[in-house]
Each structure stands twice: as structure tokens, then as C-alpha cells.
Amino acid sequence: MDKTAPGRLETVRAFINTADIETGTDKFATAAGLERWLARPHLIPGPPAPPECDGKELETAIALREALRALCLANNGLVPDLDARTALDAASANLHLHLTARFGADGLISLEPDETGIRQALAEILTIVFAALHDGTWSRLKACAAETCQFAFYDQSKNRSGHWCTMAECGNRAKVRSYRARQAPVTATG
Ligand SMILES: [Zn+2]
């Protein structure tokens, strides 16, 4: 099943998946890596000037990403929603981002970043999350239930019951583990 998120929410999914928990690789391991990723044209509109970031922005970008992952774990029922929201609150408070509310002809409010460079890109991520919270797509963005994976995926299932990024890999692995756990007491007693 397709795991990509609709519209701009796919950018947020890609943002969360810049860290590969399974292999321990992180595209944001260096400031240059973060700059490269954020220079994607849909995040910072205008002439492609590579944004420059300092250590603090790198730290905040990672904090924001991990707060979003926590929210996606909460969407999968794996961590308390309140804890995840507190983490996102802390990350966005740390950023001090300026966002402007725009009132559309359709009667809907949208937020637009009032920032430049790296800060604009990070604010853009937050505005996409804000929009997704309002249009109801956010709750389908989940982080894989396999602790060693936590890959962000969009749950397309009718009843929103998806737990794993892939049933073939993470889903089956989890089933084998819980099967073994159930069998363990039996083998222990002979
Ligand atoms: Zn997975």
C-alpha cells in the first residue's frame, strides 16, 4: 500500500525520515546536510540560495523533527499525546518563529512563515502540520510501531488501523517476536 502522504504533508514525512533509526544514519548529522535538505525548492521559494545554518539552528531542527516523530508515535497510540505535544511546544517555542495568519476567501485561516533561510523552511514545516491538523490528515501520519524503525508513513487504511511502515518487514517481525514471547514460558518449563 502507498505510504506517501497527500500534498505538502509528504514534505513533513520526508523531514521526519531524514533520520534512519534502523541504520543509525542522519541527513542532519552536519549543518551542511541540513542546508542541503532544506534547500529543496518547495520549502524555500525564490532563487535557490543555499541557506546557512549555525549549530543552534541544527539543534533546533533536530529537536523539531524528533518532536514531530513523537507526535506520529502518538498518532499510532504508542506515546501519550500530551507528552508529544509538550515536546513540539518546546521545539517551536525555542525557534521563536514568526508566522502570519492569512484569512482566505474560503473562510479558512492559514499560517504563513514570516522568516527567511533555515528559519523559513522550519516555519514552513510547522505551517504544513498546522494545516494538516485542521484538514484531518495529520492523525494518519504515523511512526512505525517497530522501535528500531519508527519510519514515518501515511496510514491509508480505511479504519486507520495501520501500525507498521511495511507489513512484510516490520509487521511480520513484530508478530514473530510476540509469538516467541508467548511460546517462551512453554519451552522454559519443558
Ligand atoms: Zn517499520
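Look above for the structure.
Residues numbered from 1 in each chain as written. Predicted model: local features only at pLDDT ≥ 70, side-chain atom pairs only at ≥ 80, totals over all residues. Heavy atoms only, no water.

Undergrad: What exactly am I supposed to notice about the coordination of the zinc ion here?
TA: Four donors placed tetrahedrally about a metal ideally form angles of 109.5 degrees, and six donors placed octahedrally ideally form angles of 90 or 180 degrees. The protein atoms that coordinate the zinc ion are Cys 144 (SG), Cys 149 (SG), Cys 165 (SG) and Cys 170 (SG), at distances of 2.3 Å. Going along the chain, you hit the donors of the zinc ion in the pattern C-x4-C-x15-C-x4-C. Note that Cys 149 is positioned in the loop between β5 (141-143) and β6 (152-154) and Cys 170 in helix α6 (residues 167-188), a separation of 21 residues in sequence. For the residue pair Cys 149 and Cys 170, the accessibility class agrees, reading buried in each case. (Donors = N, O, S within 2.8 Å, 3.2 Å for Na, K, Ca; no water. Helix = DSSP H or I, 4+ residues; strand = E, 2+ residues; numbered from the N terminus. Buried < 20%, exposed > 50% of the residue type's maximum accessible area, 1.4 Å probe, protein only.)

Undergrad: Looking at this structure, how should I read the pattern of salt bridges?
TA: Where charged atoms of side chains with opposite charge meet at close range, the side chains can pair. Counting across every chain of the model gives 10 salt bridges. One salt bridge connects Arg 65 with Glu 66, and the closest N-O pair in it is separated by 2.8 Å. Judged by relative accessible area, Arg 65 falls into the buried class, the value being 2%. The residue Arg 69 makes a salt bridge to Glu 66 at a minimum N-O spacing of 2.8 Å. With Arg 69 and Glu 66 both in helix α3 (residues 55-75), this residue pair falls 3 residues apart, about one helical turn. Glu 66 sits in the partly exposed class, given a relative accessible area of 30%. Among the ionic contacts, a cluster of salt bridges with common partners joins Asp 26, Arg 65, Glu 66 and Arg 69. (Salt bridge = Lys/Arg side-chain N within 4 Å of Asp/Glu carboxyl O.)

Undergrad: What am I meant to see in the pairing of strand β3 (residues 99-103) here?
TA: Along any regular strand, the residues point their side chains to alternate faces of the sheet. In terms of strand pairing, β3 meets strand β4 (residues 109-113) through 5 bridges, oriented antiparallel. Paired with Phe 103 across the strands is Ile 109, a residue of β4. Remark: 5 residues form the turn of the hairpin made by β3 and β4, two consecutive strands paired antiparallel; Gly 107 in that turn has positive phi of roughly 85 degrees. (Pairing = 2+ DSSP bridges.)

Undergrad: Looking at this structure, I do not really get helix α4 (residues 81-95). What am I missing?
TA: Since one α-helical turn is 3.6 residues long, residues separated by three or four positions face the same way. Relative to the 21 Å expected for 15 residues at 1.5 Å per residue, α4 spans 21 Å between its end C-alpha atoms, a close match to the ideal helical length. Those residues of α4 that sit buried are Ala 84, Leu 88, Ala 91 and Leu 95. Angularly, the buried residues of α4 cover 65 degrees about the axis, an arc narrow enough to put them on a single face. In α4, the exposed positions that point more than 90 degrees away from the buried face belong to Leu 82 and Asp 89. Those residues of α4 that are buried lie in contact with α3 and α5 (117-135). Positive phi appears at His 96, one or two residues downstream of α4, with a value of about 50 degrees. (Expected span 1.5 Å × (residues − 1). Arc of directions from axis to C-beta. Contact = heavy atoms within 4.5 Å.)

Undergrad: For this particular structure, what's the right way to read the environment of Arg 13?
TA: Within the secondary structure layout, Arg 13 lies in helix α1 (residues 9-16). For Arg 13, a relative accessible area of 9% corresponds to the buried category. Between the alpha carbons of Arg 13 and Phe 151 there is a distance of 8.8 Å; along the sequence they are 138 residues apart. In contact with Arg 13, not counting residues within four places along its chain, are Lys 3, Thr 4, Ala 5, Leu 141, Phe 151, Ala 152, Phe 153 and Tyr 154. At a separation of 3.4 Å, a polar atom in the side chain of Arg 13 contacts the main-chain carbonyl oxygen of Lys 3. (Polar contact = N/O pair within 3.5 Å; in protein donor to acceptor, adjacent residues only side chain to side chain.)

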